[in-house]
Amino acid sequence: MDFNLKKLTSDAGVFFTRAVQFTEEKLGSAEKTELDAHLENLIARADCTKNWTEKIFRQTEVLLQPNPSARIEEFFYEKLDKKIPSRTTNGELLGQYMLDAAKDFGPGTPYGSTLITVGEYQSRLGGAEREFLQTSAINFLTPLRNFLEGDWRTISKERRLLENRRLDLDICKARVKKAKQAEAKAAAEPDFQETRPRNYVLSASASAAEQELRVAQTEFDRQAEVTRLLLEGISSTHVNHLRCLHEFVEAQATYYAQCHQYMQELQKELSSANSDTYPNSFASNANPSTSATCPSPVSSNILPGVSPPCLASTSTPGIAREPSGPLKIQDVQQPSTGHRKAKVLYDYDAHDTSELSLLADELITVYTVPGMDPDWLVGERGNQKGKVPVTYLELLS
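From a predicted model like this one, the values you see are computed outputs, not experimental measurements. Per chain, residues are indexed from 1 in the order of the written sequence. Since the coordinates come from a predicted model, pLDDT governs what is reported: local features require at least 70, and pairs of side-chain atoms require 80 or more to be given and counted, while whole-chain, interface and lining totals use all residues. Hydrogens and waters are ignored; side-chain quantities use all the structure's heavy atoms.

K.L.:
Pulling in residues and values, what's your account of the packing of aromatic side chains?
P.N.:
Think of it this way: a Phe, Tyr or Trp ring, Trp meaning its six-membered ring, pairs with another when their centres are within 6.5 Å, and the plane angle makes it stacked under 30 degrees, edge-to-face over 60, tilted otherwise. Applying the stated criterion across every chain, the model contains nine aromatic pairs. Ring geometry for Phe-140 and Phe-248: centres 4.7 Å apart, planes at 15°, overall stacked. Taken together, the residues span a long stretch of sequence, with Phe-140 in helix 5 (residues 110–188) and Phe-248 in helix 7 (residues 234–274) at a distance of 108 residues. In this analysis the charged atom, NZ for Lys or CZ for Arg, is taken to sit over a ring once it is within 6 Å of the ring centre and within 35 degrees of the ring normal. In this structure, Lys-55 packs its charged tip against the face of Trp-52, placed 4.6 Å from the ring centre. Sitting over the ring of Trp-376, Lys-387 keeps its end group 5.2 Å from the ring centre. Numbering of helices and strands starts at the N terminus; helices are DSSP runs of H or I of at least 4 residues and strands are runs of E of at least 2.

K.L.:
Tell me about a nonpolar patch on the surface, and name the residues and values.
P.N.:
On the surface, Leu-242, Leu-245 and Val-249 cluster together to form a nonpolar patch covering roughly 240 Å² of accessible area. Topologically, Leu-242 is positioned in helix 7. Each patch is built from residues that are more than 30% exposed by relative accessible area and take part in no salt bridge. Like charges join if they lie within 9 Å; nonpolar side chains (Val, Leu, Ile, Met, Phe, Trp, Tyr) join within 5 Å. Accessible areas in this description were obtained via Shrake-Rupley with a 1.4 Å probe; residue shielding takes into account the shown protein chains only. In the sections that follow, a salt bridge refers to a side-chain nitrogen of Lys or Arg positioned within 4 Å of a carboxyl oxygen of Asp or Glu.

K.L.:
Any details on the confidence of the model for the protein? Residues and values, ideally.
P.N.:
Low pLDDT means the predicted coordinates in that region are not meant to be read closely. Taken as a whole, the protein shows an average pLDDT of 80; of its residues, 74% reach a score of 70 or greater. A score between 0 and 100, pLDDT records how confident the predictor is in each residue. For the protein, the element scoring lowest by mean pLDDT is helix 3 (residues 68–79), at 70; helix 2 (residues 37–64) scores highest, at 94. The low-confidence segment residues 276–307 (pLDDT under 50) makes 44 contacts with residues lying over four places distant or belonging to another chain. Residue contacts are counted whenever heavy atoms from the two residues lie within 4.5 Å of one another.

K.L.:
Help me get a handle on the sheet that holds strand 4 (residues 384–389), residues and values and all.
P.N.:
The strand order 4-3-2-1-5 describes an open sheet built from five strands, whose pairing is antiparallel. Since the sheet does not close on itself, it has two edges, and those belong to strand 4 and strand 5 (393–395), each with one partner. Pairs of neighbouring strands in the sheet enclose a mean axial angle of 40°, with direction left out of account. What makes two strands pair is DSSP finding at least two bridges between them. Inspection of the sheet shows strand 3 (residues 376–381) paired to strand 4 by six bridges, in the antiparallel sense. When the bridges of strand 4 are listed, Gly-379 appears paired with Gly-386. In this analysis an axis means a line fitted to C-alpha atoms, helices contributing only their contacting stretch, and an angle means the value between N-to-C directions, from 0 to 180 degrees.

K.L.:
Could you give an account of the nonpolar core, naming the residues involved and the relevant values?
P.N.:
The criterion is simple. A nonpolar core is a set of buried Ala, Val, Leu, Ile, Met, Phe, Trp, Tyr and Cys residues joined through side-chain atoms within 4.5 Å. Each residue is placed in one exposure class: buried if its accessible area under a 1.4 Å probe, protein chains only, is under 20% of its type's maximum, exposed if it is over 50%, and partly exposed if it falls in between. Leu-39, Phe-132 and Leu-231 are the most contacted members of the largest nonpolar core, which totals 36 residues. For this core, the elements supplying multiple residues, two or more each, are helix 2, helix 4 (90–105), helix 5, helix 6 (195–232) and helix 7. Considering every element that reaches this core, the biggest residue donor is helix 5, with 16 residues. Discounting chain neighbours no more than four positions away, the residues touching Leu-231 are Leu-39, Leu-42, Ile-43, Ala-46 and Ile-155.

K.L.:
Explain helix 2 residue by residue, including any values.
P.N.:
Between the first and last C-alpha of helix 2 there are 40 Å, a value that for 28 residues agrees with the 40 Å anticipated at 1.5 Å per step. Of all the residues in helix 2, the buried ones are Leu-39, Leu-42, Ile-43, Ala-46, Thr-49, Thr-53, Phe-57, Thr-60 and Leu-64. We call two N or O atoms a polar contact when they sit within 3.5 Å, provided that within protein one can donate a hydrogen and the other can accept it, with sequence-adjacent residues counted only if both atoms are side-chain atoms. The opening residue of helix 2 is Asp-36, an N-cap whose side-chain oxygen sits 3.2 Å from the backbone nitrogen of His-38. Take the number of residues in a helix, subtract one, and multiply by 1.5 Å to get its expected span.

K.L.:
Give a detailed account of the pattern of salt bridges, specifying residues and quantitative values.
P.N.:
Tallying each qualifying case throughout the model produces 16 salt bridges. Among the ionic pairs, Glu-92 bridges to Arg-130, the shortest N-O distance being 2.5 Å. Of this pair, Glu-92 sits in helix 4 while Arg-130 sits in helix 5, placing them 38 residues apart in sequence. Taken together, the shared-partner salt bridges in this structure form one network comprising Arg-58, Glu-61 and Arg-145.

K.L.:
Account for the environment of Leu-93, with residues named and values stated.
P.N.:
Within the secondary structure, Leu-93 is located in helix 4. Remark: the alpha-carbon pair of Leu-93 and Ser-123, spanning 30 residues in sequence, is separated by 7.5 Å.

K.L.:
Give me the pairing of strand 1 (residues 340–344): which residues, what numbers.
P.N.:
Alignment of strand 1 against strand 2 (residues 363–367), held across four bridges, turns out to be antiparallel. Note on strand 2: the bridge partner recorded for Ala-342 is Ile-364. Inspection of the sheet shows strand 1 paired to strand 5 by three bridges, in the antiparallel sense. Bridged to Lys-343 within strand 5 is Glu-394.

K.L.:
Quick one: what's the story with unusual backbone geometry, residue by residue and with numbers?
P.N.:
Even without being glycine, Asp-361 reaches a positive phi, approximately 80°. Within the secondary structure, Asp-361 sits in the loop between strand 1 and strand 2.

K.L.:
Provide a residue-level description of the side chain of Thr-227, including the pertinent values.
P.N.:
The residue Thr-227 is located in helix 6 in this model. At a separation of 2.9 Å, a polar atom in the side chain of Thr-227 contacts the main-chain carbonyl oxygen of Gln-223. If we skip the residues at most four places from it in the chain, Thr-227 touches Glu-158, Arg-159 and Leu-162.

K.L.:
Can you explain the environment of Glu-163? Please cite residues and give values.
P.N.:
Counting through the fold element by element, Glu-163 comes out in helix 5. Here the alpha-carbon distance between Glu-163 and Ala-224, two residues 61 residues apart in the chain, equals 9.4 Å. A distance of 2.8 Å separates the side chain of Glu-163 from the side chain of Arg-166, its partner in a polar contact.

Structure, rendered in structure tokens:
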């Protein structure tokens, strides 16, 4: 009990002395030992790394889980070291609702059968989202969290210890300075009755202060070296986070590619199932083979809006040709319903008399006819008429 009380009293005295030194430095009445420029640069770089890593980590959490209540729940599970329960994604939930609705409406009805088809694909999209969330959490969020909760805490602890060693060093420097000033004053104004005892005491006090200063300097230098080694490890942290960032982008690319594939398959099924019910509906390209010629979402060098999109080709590269031969455009009449305006995205030169040349940003009227390739529409501009590729257009409401 006595030992603990003495230690508590000693720690309180050290804390008070450091607080006085820190306050005097802020007020400019005490000298402060400056760190070397290299160490200062390492500290600034580490602070920058911590701040941006924290922001990226928080925003990635919001991206992966927009629901704040769910994020708080996951946070408590992590702190309690318990497994986070599996949560149904919105896509899976929507797909289940559609399947349940189809049972009530009747699976044999057009609406019910379509609900079943769309519901199954929504469930697939939800499963792809679940896999993406799990992969991103393991390969990207976890390393960032480990840095913030592990490496950075160690660095912060050593930096606080370095600051304490610096305060102790400056306190010792101040004591040595005061002892030497007192010794010089005593030598300048000697007291003939107590000259030897007083000078002896002042000299001993200055020697003790200098010894404390040497010890404090040694401890400060040792702690500065430890802190420097930890801060230089930030470069390795950047390399690790770079690798994790590549894995996160790869997971995103895989997820969006799966979603794109599922939606193409869904569009193809809906187009084939509803062609008789809605003959004038605008079906976009649902052929899975088309996507095989397009560049991947990660390695693409094609910028949107600069080069025209790639299309499956049989005879002419870049444009899908109709297998049934040239369309007799003179026999095509604009239907009373089912036509709409479209904005041209890219310039297009007609390959034969059945096609219509296009200029970027112009507006034309488009519509489809039964039996026409879904990659193409009939376009009209004034008295001109001809086939136009769907992928070169932006259909307007």
